[in-house]
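Here's the letter readout for the chains.
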Amino acid sequence: MKFLIVGPSWVGDAVMAQTLYKLIKKSNKESKIEVLSPNWSIAILERMEEVSRSITSPFNHGELKIKARFNFAKQLREEGYERAIIMTNSLKSSLIPFFAKIPVRTSWLGEMRFGLINDLRSKEKRNYPLMVEQFAKLSINPSEDLNKTLPYPSLRIDSHNLKEQLINLGIDFEKPSIAICPGAEFGPAKKWPSDYYAEICNEYLSNSWNVLVFGSHNDQITGNTIQEAIDKEFSNHFFNLIGKTSLVDVIDLLSHCKKAVTNDSGLMHIAAAVDTPLVAVYGPSSPQFTPPLIHNHVVLKKSKGFVKTREGSEDHGYHESLIAIKPSEVLDALNSLN
């Protein structure tokens, strides 16, 4: 069976989607999975054994362009897809499989997509509280038993590229490395304070570890703030890589790290998918919905529930519940990791 998957738009979701791909392959080993996804996510898809082909979506987030979508879908008709799975809720995302005349189009109802989706699945959060469970409900078998342990994402590592990156960056192979992931897509309310991260960095640097800081261009101010607080005696083993590495390089470098400290972010899910033990600090978001999918982890959270806030009430937009998580607690959690 040949599938067209309309993939998620965010890093963490793109990683968690692999659970669905694994379930499809488990049900039908001969299935061919092709994923239509934003350009930035192609690097992630290329590290998934289950994905036969990744297709870059020519449409930016929020663009409707019905005529262009119709013309693009006409080209896909020749691919002979037997089934489409749409992993997003928008009306726009369901148009291409419909225009491509793919016989079975599976998803949730979303934005009133009657007719566009002809294989509707339940997204009842009470029954399926985890996002990865909701993804799993889109698998071939609508009665998939979610009481069984779902397969976790597992990204492939390029050992040659990893070695090349370590050499080029001047990272000491003999020292263990810890990853610091201080960014978050949805604003400062999901970020642990920079000065707290700096305390973790200095503690590990003083114990002869390398510290590798990862993030996107949007996190550069955060990275620079942490760097300014680093003890200069150990600065040769501090690597501020924010905005300086590609996503594939980050995947490989995270796999090299013995431990990680991270906000609730896309990099948290990548670290989990390369089996790096981690401590995840949560503020207003919920580990009951999008936890790190790795057994060897610790979640620290001091607020209840989930709030869709992008800026907290404290200095620099931090959320008070994240400020309440002290560096000493994170250090204790790191020490508890296997």
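For the structure itself, consult the block above.
Attention in this report is confined to the structure presented alongside it.

Listed in full, the buried residues belonging to helix α9 (residues 220-228) are Thr222, Gly223 and Ile226. The buried residues of α9 occupy an angular sector of 100 degrees when the element is viewed end-on, so they sit on one face. Residues of α9 that are exposed and point over 90 degrees away from its buried face: Ile221 and Glu228. Turning to α9, the residues buried within the fold contact α8 (194-206) and β9 (238-240).

Mapped onto the fold, Asn296 is located in the loop between β11 (278-282) and β12 (297-301). The exposure class of Asn296 is buried, given its relative accessible area of 19%. Sequence separation between Asn296 and Pro277 is 19 residues; the distance between their C-alpha atoms is 5.2 Å. Once you skip the residues sitting within four places of it in the chain, Asn296 turns out to touch Pro277, Leu278, Leu337 and Asn338. At 3.2 Å, the side chain of Asn296 and the backbone oxygen of Asn338 are in polar contact.

Time to look at the nonpolar core. In terms of nonpolar packing, the biggest core is built from 54 residues, with Ile5, Tyr21, Met87, Phe214 and Leu254 touching the most fellow members. Top contributing element to this core by residue count: helix α11 (residues 266-273), with 6 residues. Residues within four places of Met87 in sequence aside, it is in contact with Ile5, Val6, Pro8, Ala17, Leu20, Tyr21, Trp108, Phe135 and Leu138. Among the nonpolar cores identified, the runner-up in size contains 30 residues, and Phe234, Val279, Leu300 and Leu334 belong to it.

Attention now goes to the sheet that holds β9. Neighbouring strands of a sheet are bound in pairs by backbone hydrogen bonds; such pairs are parallel or else antiparallel. Strand order across the open sheet formed by 6 strands is β9-β8-β7-β10-β11-β12, with parallel pairing between neighbours. For this open sheet the edge positions go to β9 and β12, each flanked by a neighbour on one side alone. Across the sheet, the mean angle separating the axes of adjacent strands is 15 degrees when strand polarity is ignored. Running at roughly 155 degrees to β11, α11 makes contact with β7 (177-181), β10 (259-263) and β11 of the sheet.

Once that is clear, we can look at a nonpolar patch on the surface. Where nonpolar side chains cluster on the molecular surface, the patch consists of Met112, Phe114 and Leu120 and spans about 350 Å² of accessible area. Relative to the elements of secondary structure, Phe114 occurs in the loop between β5 (104-107) and β6 (119-120). The exposed category is assigned to Phe114, whose relative accessible area is 57%.

Attention now moves to the packing of aromatic side chains. Counted under the stated rule, the structure contains 7 aromatic pairs. Pairing Trp192 with Tyr197 gives two aromatic rings, centres 5.0 Å apart and planes at 85 degrees, and the pair type is edge-to-face. Of the two residues examined, Trp192 and Tyr197, each falls in the buried class. Note on Tyr204 and Trp209: the rings are 4.9 Å apart at their centroids and 90 degrees apart in plane angle, and the pair reads as edge-to-face. The exposure class assigned to Tyr204 is buried, which follows from its relative accessible area of 6%. Its relative accessible area of 15% is what places Trp209 among the buried residues. Members of the aromatic cluster, each reached through a chain of ring pairs, are Phe70, Phe98 and Phe99. Here Lys2 stacks its cationic end above the ring of Tyr81, 5.1 Å away from the centre of that ring.

Now for the pattern of salt bridges. Within this structure, the stated rule accounts for 14 salt bridges. Between Glu50 and Lys22 there is a salt bridge whose closest N-O contact spans 3.3 Å. Residue Glu50 is located in the loop between α3 (42-45) and β3 (51-56), and its partner Lys22 is located in helix α2 (residues 18-27); the two are separated by 28 residues in the primary sequence. Note on accessibility: Glu50 and Lys22 belong to one class, buried. Here the salt bridges do not stand alone but share partners, grouping Lys2, Lys32, Glu34, Arg53 and Glu79 into one network.

Basis of the calculations
Residues numbered from 1 in each chain as written. Predicted model: local features only at pLDDT ≥ 70, side-chain atom pairs only at ≥ 80, totals over all residues. Heavy atoms only, no water. Buried < 20%, exposed > 50% of the residue type's maximum accessible area, 1.4 Å probe, protein only. Helix = DSSP H or I, 4+ residues; strand = E, 2+ residues; numbered from the N terminus. Arc of directions from axis to C-beta. Contact = heavy atoms within 4.5 Å. Polar contact = N/O pair within 3.5 Å; in protein donor to acceptor, adjacent residues only side chain to side chain. Core = buried A, V, L, I, M, F, W, Y, C linked by side-chain atoms within 4.5 Å. Pairing = 2+ DSSP bridges. Axes fitted to C-alpha atoms, helices over the stretch in contact; angles between N-to-C directions. Patch = residues over 30% accessible without salt bridge, like charges linked within 9 Å, V, L, I, M, F, W, Y side chains within 5 Å. Areas by Shrake-Rupley, 256 points an atom, 1.4 Å probe, with all protein chains shown as cover. Salt bridge = Lys/Arg side-chain N within 4 Å of Asp/Glu carboxyl O. Phe/Tyr/Trp six-rings, centres within 6.5 Å; stacked < 30°, edge-to-face > 60°. Lys NZ or Arg CZ within 6 Å of the ring centre and 35° of its normal.

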